[in-house]
Amino acid sequence: MNKFKANSDGPIDAGRRSLLCGMAGIPLFQMSGCGGGASGHESVVTPLISPASQGADLPIIPMVDGSVDAAGTRNFSLVAQAGTTTFRSGVAAATLGYNGQLLGPALRLRKGENVAMHVQNNLGEDTTVHWHGLLVPAEADGGPHQVIAAGARWTASFTVANAASTCWFHPHAHGSTGRQVVMGLAGLLIVDDAQMARSTLPDTWGVDDLALVLQDKRFTAAGQIDYTLSASDRTNGYTGDVLLVNGALAPVWRAPSQWVRFRLLNGCNARALVLRLGNSLPLLQVANEAGLLAVPVARPSLALGPGERAEVLVDFSAMPAGQEVPLYASTAQGGMGMGNAAGATEVEAMRIRVSLPKQSNSISSPPNTLPAAAAVVAGPGAINRTFRLDGGMMGGAFTINGRSFDIGRIDFSVPANSVEVWTFTNATNMAHPMHVHGVKMSMLTRAALAPPIYEQGLRDTFVVEAMQTVRVAVQTAEVASATPLMFHCHILEHEDAGMMGQFTTL
Ligand SMILES: [Cu+2]
């Protein structure tokens with residue numbers, strides 16, 4: 001049976017389904033023989049490329065602990081480097097990676113610890129390394145101002161200030177972010193804290209605590225990663241026609257027969273993903289981008305915009321040994337403004353084969369409540385700032401408050417250690433995932449309504465749907481700095497084309 005078939009029977013998260021509209025214009029897999037295949041009633045979808053990894057074991061993102069020096073600082077070494085990866089049998093595709101050929105490790109950080117990130121740039125071109133989600137000083141942020149020239153070395157030093165969360169790191173050199181990420185530069189940051197240590201959430205890395213980096217890519221006829229941008233890509237963002245999980249196509253992961261935690265990252269440049277499991281297994285969401293939710297929320301499916309993360313628990317304990325559960329991902333066909341997700345094509349991102357015994361430390365039931373970090377609360381006198389997302393007409397760039405990014409222009413300054421209310425109004429006909437560097441945020445309203453529980457808690461990235469307004473409470477950095485922090489759309493082609501601004505902290 002072809003594992004790659006369209007499947008549109010599953011429940012789609014009704015609250016977020018419009019997220020798909022316009023964020024992605026191209027189906028994950030090319031349709032072939034729709035309704036006219038051998039089966040007569042199934043839409044068989046053929047992947048454009050048949051990577052060697054298809055159906056192979058899921059690559060586990062390697063966990064790195066770093067080394068603690070005499071001063072108590074935890075040191076990590078990252079080398080951004082070129083390499084090759086075999087996606088298609090017999091073809092060595094040029095890729096980029098941190099400390100490897102593709103993607104990067106997961107760095108384990110502990111709240112309160114001093115960390116030094118030593119980055120060597122062996123790419124042969126400028127890059128930066130941005131710690132997406134980490135509350136670090138602007139000088140250590142790895143945004144467009146902290147360029148690491150080809151051959152150069154950069155050290156970012158900071159104290160881990162985040163609550164336990166799943167963050168990530170990726171390049172942020174202005175104008176080349178999209179290409180460098182698609183070529184493979186992305187890694188994970190796993191933040192632990194005392195609350196998490198006391199929780200019962202599964203935490204045996206790669207065994208019952210599994211990170212899944214979901215990314216789409218497009219390939220040339222010769223099997224190389226294709227990052228040529230069409231006019232449509234420049235408007236809608238780059239979308240690939242295959243979806244990779246930890247760099248592999250449709251891999252299989254052997255799960256223990258118990259509760260398992262998945263850390264999900266939408267690492268796509270532009271494609272929103274709606275994820276669900278087969279067998280109608282619910283995803284018990286326990287965290288979003290920047291920390292735990294107050295209570296777990298059972299969800300039939302969940303949507304992640306580019307740059308967003310979620311942590312979910314899944315119970316495999318009732319599954320018979322050998323049972324396989326597909327993880328489905330869907331996205332919309334049809335391009336901008338097509339109105340609804342009815343044309344969404346769902347593909348199998350991977351399979352989970354329940355084939356390992358229960359671990360001795362497995363939990364028999366999930367926690368009823370979670371040690372969530374306190375939300376950011378804005379007082380009645382909080383400063384209000386407004387951000388209008390606009391542009392994108394006639395092939396033009398998207399803008400924020402009518403302006404494109406200028407690295408020489410500071411758009412505004414915020415007082416240190418204060419809470420403001422930022423209102424993002426999307427005046428365009430596509431969704432934009434907005435990301436703000438170096439601040440703590442909680443969502444106040446989406447479309448004038450209180451956000452659902454799974455959108456509460458701390459955030460660093462949130463989708464603003466087409467023609468929608470989202471208000472967030474923003475807690476600014478504790479320490480003032482004249483070095484700018486970024487706010488931008490995380491559709492990387494929008495960001496590279498200037499849908500970004502910068503602010504300093506006074
Ligand atoms: Cu955008």
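It should be noted that the structure appears before, not after, this text.
Residues numbered from 1 in each chain as written. Predicted model: local features only at pLDDT ≥ 70, side-chain atom pairs only at ≥ 80, totals over all residues. Heavy atoms only, no water.

A.B. asks: Summarise the coordination of the copper ion; cite the residues concerned and give the values.
C.D. replies: The protein atoms that coordinate the copper ion are H432 (ND1), C489 (SG) and H494 (ND1), at distances of 2.0 to 2.1 Å. Along the chain, the residues donating to the copper ion fall in the pattern H-x56-C-x4-H. With H432 in strand 29 (residues 432-436) and C489 in strand 34 (residues 481-489), this pair connects stretches of sequence that are 57 residues apart. Under the relative-accessibility criterion, H432 is labelled buried at 0%. Take C489: its relative accessible area is 0%, and that puts it in the buried class. (Donors = N, O, S within 2.8 Å, 3.2 Å for Na, K, Ca; no water. Helix = DSSP H or I, 4+ residues; strand = E, 2+ residues; numbered from the N terminus. Buried < 20%, exposed > 50% of the residue type's maximum accessible area, 1.4 Å probe, protein only.)

A.B. asks: Describe the pattern of salt bridges, listing the residues and the values that go with them.
C.D. replies: Scanning the model with the defined rule gives 25 salt bridges in all. Where R351 meets E324, a salt bridge forms, and the shortest distance between an N and an O atom there is 2.5 Å. Of the two residues, R351 is situated in strand 24 (residues 345-356) and E324 in strand 23 (residues 324-331); the sequence distance between them amounts to 27 residues. For R351, a relative accessible area of 19% translates into the label buried. Taking relative accessible area as the criterion, E324 reaches 24% and is therefore assigned partly exposed. A salt bridge links R403 to D411, with the nearest nitrogen and oxygen atoms 3.1 Å apart. Looking at R403, the relative accessible area reads 36%, which means it is partly exposed. Using a relative accessible area of 18% as the deciding quantity, one classes D411 as buried. Salt bridges here are not isolated pairs; linked through shared partners, they connect E289, E308, R446, E455 and R459. (Salt bridge = Lys/Arg side-chain N within 4 Å of Asp/Glu carboxyl O.)

A.B. asks: Let's hear about the sheet that holds strand 13 (residues 209-217): which residues, and what values?
C.D. replies: Reading across the sheet, the 7 strands line up as 15-14-13-17-22-19-20 and stay open at both edges, with mixed pairing between neighbours. The strands lining the two open edges of the sheet, one partner per strand, are strand 15 (248-249) and strand 20 (291-299). Here 3 bridges tie strand 19 (residues 283-288) to strand 22 (residues 309-315), and the two strands are oriented antiparallel to one another. Residue pairing across strands places L284 opposite L313, the latter belonging to strand 22. (Pairing = 2+ DSSP bridges.)

A.B. asks: Tell me about the sheet that holds strand 16 (residues 252-256), and please be specific about residues and values.
C.D. replies: Within the open sheet, the 5 strands sit side by side as 16-24-23-18-21. Their pairing is mixed. The open sheet has two edge strands, strand 16 and strand 21 (302-304), and neither has a second partner. Averaged over all pairs of adjacent strands, the angle between strand axes in this sheet comes to 30°, irrespective of strand direction. Of the strand pairs in this sheet, strand 18 (residues 273-277) and strand 21 are connected by 3 bridges, and their pairing is antiparallel. (Axes fitted to C-alpha atoms, helices over the stretch in contact; angles between N-to-C directions.)

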